[in-house]
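Chains, contacts and geometry: an overview
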Amino acid sequence: MKSYQKLTTAVLQPAACRVEEEGAAQMSAGHRKLAPWCVGSGLLVAAVLLSATTVWVLRQVSGGWPGPTLPPKCLLVPESHRFDCYPERHVVVTQELCESRGCCFIESLPLAGGKRGVPWCFYPPDFPSYTLDSLNQTALGMVGLLVRREKAYYPRDIEMLRLDVEFETDTRLHIKLTDAANPRYEVPLEVPQAMKRAENPIYTLDFSRDPFGVLLRRRATGTVLLNTTVAPLIFADQFLQIATSLPSRFLYGLGEHRGTLLHSLDWSTLTLWARDVSPTESFNLYGAHPFYLLMEEGGDAHGVFLLNSNAMEVALQPAPGLTWRTIGGVLDFYIFLGPDPNMVIQQYQQVIGFPAMPPLWALGFHLCRWGYGSSNETWQTVRAMRNYQIPQDAQWNDIDYMDGYRDFTFNPQKFASLPSLVEDLHKHGQYYVIILDPGISSTNPHGSYWPFDEGLKRGLFLNTTQGQPLIGQVWPGFTAFADFSNPDTHQWWLENLQHFHAHVPFDGLWIDMNEPSNFMDGSEDGCPPGELDSPPYTPAVLGDSLSAKTVCASAKQKASVHYNLHNLYGLMEAKATASALIQIRGKRPFVISRSTFPSQGRYSGHWLGDNRSQWKDMYYSIPGLLSFSLFGIPLVGADICGFSGSTSEELCTRWMQLGAFYPFARNHNTQNEKAQDPTVFSPAARTAMKNVLLTRYSLLPFLYTLFHRAHLQGDTVARPLFFEFPWDVATLGLDRQFLWGRSLLVTPVLEPGVESVTGYVPRGVWYDFYTGSSVNSSGEMLKMSAPLEHLNLHVREGAILPTQKPGTTSEATRGNPLHLIVALSSNATAWGDLFWDDGESLDTFERGNYSYLVFNVTQNIFTSTVLHASTEATEVTIGTLSIFGVREPPSKVLLNGQEKPFSYLDNQVLTVSDLGLSLSQSFSLRWL
């Protein structure tokens, strides 16, 4: 007798797949076969689709389609739900080519501008896919076997797949598809291992058996987050594809690209393959981040991470739907259930790792250019900045400091005074950062350039398929490329840096060109024939080849072939560089990298690459930095005033105002353009730039605390407005403003010739940062005055911001009295916190060498509570307290019971000065 039961997992409620248990004698214990009728919600979805499309079909047929030649199953698929069966670029897809793949062919109009629109060749509903052959319980979830009985159209189809499902936490699900018979390359990223199955997951998981599909729902709302039955699963050796429907059109992430924060789902394809190219819309750029965040209706959010480092593209379509296509590795998905966007990003970073705590000086102002020409010219700029008392923490040099553009050298003529410049910076509490490239000059006489000779001797470079160092071309001419997947390379990198640091004691490192960039395609000899350099399918990469302006995909590295490791190159170099800096300086490392991959925030920050001095580039920097906030790399910024091209005084002033609120703030310029540091402009512009930098420096305690929260639990620093107001649909597309943390709203001017700016002010009370005057918004666009010297900043009700009297360096600022800004909520409460340590030592939080204070206001009483104390806090005083939104003039103010003088302004700002309280003491202040 057969008995039916639900799979015994809390996650399968209601169970779309029931399990048919055979008699114990016939099958080993626990082995179960799925009932053949277990197609679950896939059929329901199909039924809904059929009924919804009847009208559409009639319309198409009456429009004169050659009815008899088109199978009805093809006409039943609405345009928005057509999943591309022939994604190859530069192929004119004919009916014959399409039908040779077993797909439907219907011509449709292309999009404007020649963009690809509705695919002409698309999957029919009955295209063969995998079947879920068995599904068994495990301690953490389930394991299943998928079988493909009919081959798809790419070579070396893998006929049997292993499905692993782990219910890792109540808000995190892990689904992995691998070759059941043979090991495949997997990304060498350390990820947390779940020890027990989630007890109360906020999701339910069902499967469709034939075709195999995953149906993931949010338990509270029933929203379908993933439904992979919409298109066939393909898993060939060099072509892996899985598609899903999406519950809304509000999709973010999937970097690195230039564009709006909110992606368009109108037939756009995003390619992930690290590439050196000036940021341009629709191109694959420097880093690869296969992670998206999606906002559901009602304000819930979820995220999906595909842990795969191969060349990849993600196709978006208006269904709404999404298709992942990658050309190697495995399909290893993590799904994060939030339910709010902040929590999704925290959950993502629980897998990839939380970002490192930067040194305080990293949050100061950085100045750089390519083309200073000499160390003396660099020094003159530093002196000019000091002369005008413009804040600056770090001076940088680009490749012009090097001798012949060779790493670990400096030009003995033009940069002879470099060691003295660095000594002078250190005397003034400032820091020095140099650029390094991974291409090592290979043409010097033997014995004259240790980095290459030693790297060759130890076998530390990328090799050709013939086992010889692959030679490309970068700034010094012919170069070999360091293989950072080899631990021995990290030691060699450290030794090179130690040698150079003995002459030029740099403080931070800027690692550029690490896609890796190559001025040749592949190598000096091109690339060999074969399926690594010319795979059966090449995603839509710039240059149409995997080796375009980089090394051959077939290049050999210690951990694998470059085909698999290319997108990890920058991450692996960053890891080696951060480790070397820790060993050399014994302090927190400061590294800024151009190429990035998930988990990079643990080792480096990022700048957004070689932008241009144009107004649109200034705008695009905002979605750029907000996207990297989603990727767990909070230390991010763009080249202020633009890298290439010539800036104008107005553009540079506005950009300095915006850039003062990049988490990483650096003004950088190319060679052969006029200088654009603050000292070279008119007195009015120079003063505006100086003032906004002083504002940034006053906010360093607040910013530093935000970075502590990022390091501790994965909070974002620069934050999209929808993170704080997820239920407010007006915020979902906003990317011309942003928040610092949850409470400081930045509304920059992004266009020329204006004296005002229009920005969205979410519902609630907001206070002008400078004056404390309040705005009570119903959630509306407001026009704000914005003369050239003014940046609009607003503090959210209920916040307490720790600020400080600014100095011209972070070190000078650190010793100044604090000024606490309280923004009372409509019910007269407020909260804030402050993290304080020595600003540079390693692991201060982990070792307990820090102070942490919580500030609170309720019932007209402000309290400062020291939750953890260290010696640094005794050296700092709280000088002033400003309270915004005090509705009635107080009659008196009591500090720890003692009366204190105060001022009260008509705009409802109460200020108490000369407090002189040590940061290490708790206190209370009351107004009556």
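See the structure shown above.
Presented here is an overview of the structure given in this document. Source: prediction; values computed, not measured.

Cut-offs and rules
Residues numbered from 1 in each chain as written. Predicted model: local features only at pLDDT ≥ 70, side-chain atom pairs only at ≥ 80, totals over all residues. Heavy atoms only, no water. Pairing = 2+ DSSP bridges. Helix = DSSP H or I, 4+ residues; strand = E, 2+ residues; numbered from the N terminus. Axes fitted to C-alpha atoms, helices over the stretch in contact; angles between N-to-C directions. Buried < 20%, exposed > 50% of the residue type's maximum accessible area, 1.4 Å probe, protein only. Contact = heavy atoms within 4.5 Å. Polar contact = N/O pair within 3.5 Å; in protein donor to acceptor, adjacent residues only side chain to side chain. Core = buried A, V, L, I, M, F, W, Y, C linked by side-chain atoms within 4.5 Å. Expected span 1.5 Å × (residues − 1). Parallel < 35°, antiparallel > 145°, perpendicular 65-115°, else oblique. Nonpolar A, V, L, I, M, F, W, Y, C, P; charged D, E, K, R; others polar. Salt bridge = Lys/Arg side-chain N within 4 Å of Asp/Glu carboxyl O.

Pairing is antiparallel in the open sheet, where five strands are placed in the order β13-β14-β20-β19-β16. Each of the sheet's edge strands pairs with one partner strand only, and the pair in question is β13 (234–236) and β16 (268–272). Going from strand to strand, the sheet's axes swing by 15° on average, the running direction of each strand aside.

With respect to the helices and strands, the residue A574 is situated in helix α10 (residues 569–585). Under the relative-accessibility criterion, A574 is labelled buried at 0%. Between the alpha carbons of A574 and V591 there is a distance of 7.1 Å; along the sequence they are 17 residues apart. Among residues more than four places away in sequence, those in contact with A574 are I511, Q600, Y603 and S604.

For N514, the position within the fold is in the loop between β28 (508–511) and α9 (562–565). The exposure class of N514 is buried, given its relative accessible area of 0%. For N514, the side chain forms a polar contact with the side chain of S593, separated by 2.9 Å. Apart from residues lying up to four places away in sequence, N514 is in contact with P438, Y569, G570, E573, S593, R594 and S595.

If you look at the biggest cluster of nonpolar residues, it comprises 235 residues, and the most contacted ones within it are W324, F661 and F862. Listed in part, the 26 residues of the second largest apolar core include F83, I327, V541 and A553.

Moving on to helix α4 (residues 341–352). Taking 1.5 Å per residue, 12 residues should reach 16 Å; α4 reaches 17 Å between its end C-alpha atoms and fits that length. Burial of α4 is extensive: 10 of the 12 residues sit out of reach of the surface. Considered for burial, the residues of α4 that qualify are P341, N342, V344, I345, Q346, Q347, Y348, Q349, V351 and I352. Between a side-chain oxygen at the N-terminus of α4 and the backbone nitrogen of N342 the separation is 2.7 Å; the capping residue is D340. Count one or two residues on from α4 and you reach G353, which has phi positive near 110°.

Let's shift gears to the packing of helix α12 (residues 649–659) against helix α13 (residues 683–698). Close contact between α12 and α13 brings their axes to 9 Å; oriented N to C, the two are set at 5°. Compared by their axis directions, α12 and α13 come out roughly parallel. Side by side, α12 and α13 meet where E649, C652, T653, M656, Q657 and G659 of the first sit next to A685, A688, M689, V692, L693 and R696 of the second. Residues of the contact of α12 with α13, tallied by class, amount to seven nonpolar, three polar and two charged.

When two helices pack together, you describe them by how their axes are tilted relative to each other and by the distance separating the axes. Two elements in contact, helix α11 (residues 615–630) and α12, have axes whose closest approach is 10 Å; the angle formed by their N-to-C orientations is 5°. It follows that α11 is roughly parallel to α12 by the angle criterion. On the side of α11, the interface is formed by W615, D617, M618, S621 and I622, while α12 contributes E650, L651, R654, W655 and L658. A per-class count over the contact of α11 with α12 returns six nonpolar, one polar and three charged.

Strand order across the open sheet formed by three strands is β10-β11-β12, with antiparallel pairing between neighbours. Of all strands in the sheet, those with a lone pairing partner are β10 (203–208) and β12 (224–227), marking the two edges. Direction aside, the axes of adjacent strands within the sheet are offset by 15° on average. One ladder, built from six bridges, connects β10 with strand β11 (residues 213–218); its direction is antiparallel. Note that in β11 the partner of T204 across the bridge is R217.

Our next topic: the environment of S593. On the secondary structure map, S593 appears in strand β29 (residues 591–593). The exposure class of S593 is buried, given its relative accessible area of 0%. For S593 and C121, which are 472 residues apart along the polypeptide, the C-alpha to C-alpha distance reads 41 Å. Leave out the neighbours within four places in its chain, and S593 touches I511, N514, G570, Q600, S604, G605, H606 and W607.

Now for the environment of L460. Residue position: L460 is located in the loop between α7 (450–458) and β26 (472–474). Leave out the neighbours within four places in its chain, and L460 touches G455, F481, A482, D483, N486, D488, T489 and W492.

A word on the pattern of salt bridges. Evaluated as defined, the whole model comprises 40 salt bridges. For D133, the salt bridge is made with R149, and the minimal N-O distance between the two is 3.4 Å. With D133 in strand β6 (residues 130–137) and R149 in the loop between β7 (141–148) and β8 (160–169), this pair connects stretches of sequence that are 16 residues apart. Residue D133 is classed as partly exposed on the basis of its relative accessible area of 31%. A salt bridge links D617 to R258; the nearest nitrogen and oxygen atoms lie 3.0 Å apart. Residue D617 is found in helix α11, and its partner R258 is found in the loop between β15 (250–255) and β16; the two are separated by 359 residues along the sequence. Ionic contacts of the salt-bridge type, sharing partners, join the residues D276, D512, E515, R594 and D610 into one network.

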